[in-house]
Amino acid sequence: MNATPSLPGLVEGEELIFSPPRSLTPVPTHYCPGCHHGVAHRLVAELLDEMGLQEKTALISSIGCSVFSYNYFEVDALEAPHGRAPAVATGLKRARPDCFVFTYQGDGDLASIGLAEIMHAANRGDKISIVFVNNTVYGMTGGQMAPTTLLGQKTTTTPMGRISEDCGYPMRMAEIISGLDGTVYSARGALNDAKNIRQAKKMIRRAFEAQSTNSGLGFVELLAGCPTNWHMDALSSNKRIGTELIPVFPLGVFKDNGFAESGKGGGK
Amino acid sequence: MSRPVFAEERCKGCMLCASVCPQKILAISSRYNPQGYLVAEVSGDKPCTACASCALICPDCAISIVRSRKEGK
């Protein structure tokens, strides 16, 4: 089915061992240098390829920096209003149960504007998959505080740093979603180094398998960097994920109902 | 010869690739791409081991990895 990937200039005795996945459109993205949306896009696209889902996938894209994700995935897509991606996904999945439906949302979209939608979708146990990219800030709108912003973190709406007396505490979505009975898989990974990226890919695979085995809602949270709104370069933002984000948002699998593994091309 | 191949029109010069290269052979070039970013390139004489760490961490999917098969394989 898959054509062997090739590259101009490849000579006898050489092989291409890493190339962009077919489910990713070969165009430059609008994301800032060092933004982890690109890594999350690639992991999702690689899994759509490996699990043979591209032809029947519907992406529900969200509002935020990821608003243009329908330009970057070679799959059918629907654009949902702010935070409503899980509700749109629910409707689509119930109307077309043969489709593979996943939403791709940021933390402003999912944890703030769309908190009701994700909570009820998870509580109903709709058979959809959620990819949640948490960079602790509203990116597209100019770096305002999000529910996931760390205590002390400076944003344009918390110029002195977030304080709990006024703004509460960072919200741990993977743990919250894991507490609902309709969820069959909930995990948190990070995209800051090679080891965590490999682990995150396994988590996204399980979140997709939750749907492909018709088990329930699969949720994966990915800690990502936003160099622009964190006011640092790409390297420092990757370091910040390790030193500041992971202690507050621990990595791991919070719920796995032990549903079967599936998908073509297997290989963990 | 094993080597990373850059899709320069996608590269944004964030240089995360250089930070994970065990051979330290990636560096910023003096070329701009159509988006206006200085792009990464291979510089240095150590051989690429085709570990693909750079391609794994690249946020823009700008790197493909070519590995040369060993003799007799």
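Our subject is the structure that appears above.
Residues numbered from 1 in each chain as written. Chains lettered and ligands numbered in written order. Predicted model: local features only at pLDDT ≥ 70, side-chain atom pairs only at ≥ 80, totals over all residues. Heavy atoms only, no water.

The next subject is the interface of chain B and chain A. At the interface, 27 residues of chain B touch 35 residues of chain A. Taken together, the two surfaces of chain B and chain A that pack against each other cover about 2600 Å², and 58% of this comes from carbon and sulfur. Summed over the shared surface of chain B and chain A, the number is two salt bridges. Among the salt bridges present, the one from B:R3 reaches A:E14, with a minimum N-O distance of 2.8 Å. Linking chain B with chain A are 13 residue pairs in polar contact (both at pLDDT 80 or more). Mapped onto the side of chain B that touches chain A, the elements with two or more residues apiece are β1 (3-6), α1 (16-20), α2 (53-57) and β4 (63-68) of chain B. Here the element with the most residues in the side of chain B that touches chain A is β4(B); it accounts for six residues. Looking at side-chain class alone, the side of chain B that touches chain A contains 16 nonpolar, four polar and seven charged residues. Of the strand pairs in this sheet, strand β1 (residues 14-18) of chain A and β4(B) are connected by four bridges, and their pairing is antiparallel. Bridged to A:L16 within β4(B) is B:V66. (Contact = heavy atoms within 4.5 Å. Buried area = accessible area lost by both parts, 1.4 Å probe. Salt bridge = Lys/Arg side-chain N within 4 Å of Asp/Glu carboxyl O. Polar contact = N/O pair within 3.5 Å; in protein donor to acceptor, adjacent residues only side chain to side chain. Helix = DSSP H or I, 4+ residues; strand = E, 2+ residues; numbered from the N terminus. Nonpolar A, V, L, I, M, F, W, Y, C, P; charged D, E, K, R; others polar. Pairing = 2+ DSSP bridges.)

Here we take up the environment of B:L16. Residues and elements named next belong to chain B. Tracing the sequence through the fold places L16 in helix α1. A residue is classified by how much of its surface remains accessible, and L16, at 0% relative accessible area, is buried. As a C-alpha pair, L16 and A40 span 24 residues in sequence and 9.8 Å in three-dimensional space. (Buried < 20%, exposed > 50% of the residue type's maximum accessible area, 1.4 Å probe, protein only.)

This brings us to the pattern of salt bridges. Where side chains of opposite charge bring their charged atoms close, a pairing between them can arise. Residues and elements named next belong to chain A. Per the counting criterion, the structure on display carries 18 salt bridges over all chains. A salt bridge links K201 to E50; the shortest N-O distance between them is 2.7 Å. Residue K201 is located in helix α8 (residues 194-212), and its partner E50 is located in helix α1 (residues 37-50); the two are separated by 151 residues in the primary sequence. Measuring nitrogen to oxygen at the nearest pair gives 2.9 Å for the salt bridge that ties R94 to D126. Here R94 is found in helix α3 (residues 85-95), whereas its partner D126 is found in the loop between α5 (115-124) and β5 (129-134), with 32 residues between them in sequence. For R94, a relative accessible area of 53% translates into the label exposed. Residue D126 is classed as buried on the basis of its relative accessible area of 6%.

Our next topic: the packing of aromatic side chains. Residues and elements named next belong to chain A. Per the counting criterion, the structure on display carries nine aromatic pairs over all chains. A centroid spacing of 4.9 Å and a plane angle of 75° characterise the contact between F100 and F208, whose relative ring orientation is edge-to-face. With F100 in strand β4 (residues 100-106) and F208 in helix α8, this residue pair connects regions lying 108 residues apart in the sequence. For the pair shown, F100 and F208 are each scored as buried. Here the aromatic rings of F132 and F219 are separated by 5.8 Å at their centres, their planes lie at 45°, and the arrangement is tilted. Residue F132 is located in strand β5, and its partner F219 is located in strand β7 (residues 217-223); the two are separated by 87 residues in the primary sequence. By way of ring pairs, the aromatic residues F73, F100, F102, Y104 and F208 are connected into one cluster. Directly above the aromatic system of F259 lies the positively charged group of R206, at a separation of 4.0 Å from the ring centroid. Taking NZ or CZ as reference, R240 lies 4.3 Å from the ring centre of W230, over its face. (Phe/Tyr/Trp six-rings, centres within 6.5 Å; stacked < 30°, edge-to-face > 60°. Lys NZ or Arg CZ within 6 Å of the ring centre and 35° of its normal.)

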